[in-house]
Amino acid sequence: MMLTVSYAGIVVLFASLSPCYALYFHIGETEKKCFIEEIPDETMVIGKYRTQLWDKQTGSFLPATPGLGMHVQIKDPDTKIILSRQYGSDGRFTFTSHTPGEHQICLHSNSTKMALFAGGKLRVHLDIQVGEHTNNYPEIAAKDKLTELQLRARQLLDQVEQIQKEQNYQRYREERFRMTSESTNQRVLWWSIAQTVILIVTGIWQMKHLKSFFEAKKLV
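As annotated in an unreviewed UniProt entry, the chain carries the name GOLD domain-containing protein and comes from Umbra pygmaea. In the Sequence similarities (unreviewed entry) part of its UniProt record, the chain is described as follows: "Belongs to the EMP24/GP25L family."

Describing the pattern of salt bridges
One side chain can pair with another of opposite charge once the charged atoms of both are near each other. A full pass over the atoms with the stated rule returns 5 salt bridges. In this structure, R154 and D158 form a salt bridge, with 3.6 Å as the shortest nitrogen-oxygen distance. Highlighted residues: R154 and D158, both in helix α2 (residues 148–216), separated by 4 residues, approximately one helical turn. Since its relative accessible area comes to 31%, R154 is described here as partly exposed. For D158, a relative accessible area of 14% gives the class buried. A salt bridge links E161 to K165, with the shortest nitrogen-to-oxygen separation between them at 3.9 Å. One end of the pair is E161 and the other is K165, both in helix α2 and 4 residues apart, which spans about a single turn.

So, the pairing of strand β4 (residues 31–39)
In terms of residue burial, β4 counts as a mostly covered element, since 9 of its 9 residues are buried. The two faces of β4 match: E31, K33, F35, E37 and I39 on one face and K32, C34, I36 and E38 on the other face are all buried. In this sheet, strand β10 (residues 101–109) lies alongside β4 in antiparallel orientation, the contact comprising 7 bridges. Residue pairing for β10: E37 is matched across the bridge by H103.

Reading the values: the criteria
- Residues numbered from 1 in each chain as written.
- Predicted model: local features only at pLDDT ≥ 70, side-chain atom pairs only at ≥ 80, totals over all residues.
- Heavy atoms only, no water.
- UniProt positions renumbered as here; feature names shortened; annotations may be inferred.
- Salt bridge = Lys/Arg side-chain N within 4 Å of Asp/Glu carboxyl O.
- Helix = DSSP H or I, 4+ residues; strand = E, 2+ residues; numbered from the N terminus.
- Buried < 20%, exposed > 50% of the residue type's maximum accessible area, 1.4 Å probe, protein only.
- Pairing = 2+ DSSP bridges.

Dropping the structure here:
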């Protein structure tokens, strides 16, 4: 069954500005929702979602049945698939970026359970955490037996590391932008030179043509 990708619902989210966010959206039977997340390299991302199915009797969204699942697909900036997996009605996915840039996160319902929709809508609550926000610090403190001061120091170190990654990513973006600008300027320069050469050649040809015309008419 073909899927309808909703590019109108594509959201560009910057990891440097919004390291974690939560939202919900609606999808139809054959609809596919994609989100774009700008992520530095070597950064962990954790996504959690839960689904609700529209109930006509109550006129509200209720928790979806266990038989209804979601397919999650994630592509890196080179459009290479780094995660493609089928989950249940509620799920959690994790991946680590190895290439800085825009990562595409797409979700759609499984095609084998479409009878459960009955032409209705599915509400998906999505929560994505990036970088140090993926760490469960209470669990880390209990596991490593850290004091409150040690835990705070651990959090600060993780935040500094994430800031360094984001700064490196911004430098990477600036370098790519500079290379694109230089390439564009160079192309404009060569196009201007080509136009000038064409005008000169055309002018010389016109002069020779007019001279031949006047000589043929014995005007010169």
